[in-house]
Amino acid sequence: MKLGTTELLIILAIILLLFGPSQIPKLSKMFGKAKKNFDEGASEGEVKATTSETKSETTEQ
């Protein structure tokens, strides 16, 4: 399911009507922080998984 230009413009117009122009920068900042936290958590999970795999491999030998 792809979103075209028209659909994106309609979604942005609805967001603008719902939140108003003064709230858009605050929402953008909030979503940016949420994405950053998610990415940090995901990378921590990968590091822990890699570390635990390495430990289990060394204890098996």
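Reading the values: rules and limits
- Residues numbered from 1 in each chain as written.
- Predicted model: local features only at pLDDT ≥ 70, side-chain atom pairs only at ≥ 80, totals over all residues.
- Heavy atoms only, no water.
- Helix = DSSP H or I, 4+ residues; strand = E, 2+ residues; numbered from the N terminus.
- Areas by Shrake-Rupley, 256 points an atom, 1.4 Å probe, with all protein chains shown as cover.
- Salt bridge = Lys/Arg side-chain N within 4 Å of Asp/Glu carboxyl O.
- Patch = residues over 30% accessible without salt bridge, like charges linked within 9 Å, V, L, I, M, F, W, Y side chains within 5 Å.

Helices and strands together make up the secondary structure of the protein chain, namely 2 helices and 0 strands. For the protein chain, the computed accessible surface area is about 5,700 Å², with 65% contributed by carbon and sulfur atoms.

Here we come to the pattern of salt bridges. In this structure the tally under the stated criterion is 1 salt bridge. Linking D39 and K35 is a salt bridge whose minimum nitrogen-to-oxygen distance equals 2.8 Å. Of this pair, D39 and K35 are both found in helix α2 (residues 24-60), 4 residues apart, which corresponds to roughly one turn of the helix.

Another point: a nonpolar patch on the surface. A contiguous nonpolar patch, built from M1, L3, L8, L9, I10, I11, L12, I14, I15, L18 and F19 and spanning about 1,200 Å² of accessible area, is present on the exposed surface. Along the chain, L8 falls in helix α1 (residues 5-19).

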